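Overview (structure and organization)
Each chain, letter by letter, is given below.
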Amino acid sequence: LAVEIGARVLVAQGHRNERFVVRTDNQTVINAFQNQAPRRLTELTKIVTRTKDLLAKSQLSLCLIHVPSADNIADSVSRGVFPPANQRLTLTYGIPPDVTDFFD
């Protein structure tokens, strides 16, 4: 979901025909974007498909690179430790309907 939200931010900011590096500590997500997700992970497959469609429409591509959790600067956010308000992104795009319950 984090990669999809990042892709939506890029599209909302008007990026087109560009390539971006995404660092993640989630090897399962990397595998899914390389079409290697286990079939049992249907929700992940839906998110990846939706994200790939979004990227294709804007001619964007992502290069996902694995980083150890200890080196992942976004890891604290995934654990509920957020940066100061002035360092946060303002969301200016639609959240996918199937995940809106997770946002306030």
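Quick notes on the rules
- Residues numbered from 1 in each chain as written.
- Predicted model: local features only at pLDDT ≥ 70, side-chain atom pairs only at ≥ 80, totals over all residues.
- Heavy atoms only, no water.
- Axes fitted to C-alpha atoms, helices over the stretch in contact; angles between N-to-C directions.
- Helix = DSSP H or I, 4+ residues; strand = E, 2+ residues; numbered from the N terminus.
- Parallel < 35°, antiparallel > 145°, perpendicular 65-115°, else oblique.
- Left-handed = near helix turned anticlockwise from the far one by under 90°.
- Contact = heavy atoms within 4.5 Å.
- Nonpolar A, V, L, I, M, F, W, Y, C, P; charged D, E, K, R; others polar.
- Expected span 1.5 Å × (residues − 1).
- Buried < 20%, exposed > 50% of the residue type's maximum accessible area, 1.4 Å probe, protein only.
- Arc of directions from axis to C-beta.
- pLDDT = per-residue confidence, 0-100.
- Salt bridge = Lys/Arg side-chain N within 4 Å of Asp/Glu carboxyl O.

**Focus on the packing of helix H1 (residues 2-12) against helix H3 (residues 42-57)**
- The contact between H1 and H3 brings their axes to 9 Å, and the two run at 15°. In terms of their interaxial angle, H1 and H3 are classed as roughly parallel. As H1 runs across H3, the sense of the crossing is left-handed. Contacts from Val 3, Glu 4, Ala 7, Arg 8 and Val 11 of H1 reach H3 at Ile 47, Arg 50, Thr 51, Leu 54 and Leu 55.
- In terms of residue class, the contact of H1 with H3 is made up of six nonpolar, one polar and three charged.

**What about H3?**
- Relative to the 22 Å expected for 16 residues at 1.5 Å per residue, H3 spans 23 Å between its end C-alpha atoms, a close match to the ideal helical length.
- Every buried residue of H3 is accounted for by Leu 44, Ile 47, Val 48, Thr 51, Leu 54 and Leu 55. All buried residues of H3 project into a common sector of 125° when viewed along the axis, lining one side. In H3, the exposed positions angled more than 90 degrees off the buried face are occupied by Ala 56 and Lys 57.
- Elements that come into contact with the buried residues of H3 comprise H1, helix H2 (27-33) and strand E2 (60-66).
- Once H3 ends, the next one or two residues include Gln 59, with phi positive near 55°.

**Quick look at H1**
- Of all eleven residues that make up H1, eight are buried, and the element is covered over most of its length.
- Where H1 is buried, its residues touch strand E1 (18-24), H2, H3 and E2.

**Considering the confidence of the model for the chain**
- Scored by pLDDT, the chain comes out at a mean of 85, with 87% of its residues at no less than 70.
- Mean pLDDT values for the elements of the chain range from 75 in helix H4 (residues 75-78) up to 95 in E2.

**As for the environment of Ser 61**
- In this structure, Ser 61 sits in strand E2.
- The class of Ser 61 is partly exposed, set by a relative accessible area of 25%.
- Along the primary structure Ser 61 and Ala 7 are separated by 54 residues, whereas in three dimensions their C-alpha atoms are 9.3 Å apart.
- The residues touching Ser 61, leaving out its near neighbours within four places in the chain, are Glu 18, Arg 19 and Phe 20.

**Here we look at the pattern of salt bridges**
- Following the criterion strictly, the structure yields three salt bridges and no others.
- Here Glu 4 makes a salt bridge to Arg 8, at a shortest N to O gap of 3.2 Å. Here Glu 4 and its partner Arg 8 are both found in helix H1, four residues apart, which amounts to about one turn of the helix.
- Residue Glu 4 is classed as buried on the basis of its relative accessible area of 1%.
- Residue classification places Arg 8 among the buried positions, given a relative accessible area of 19%.

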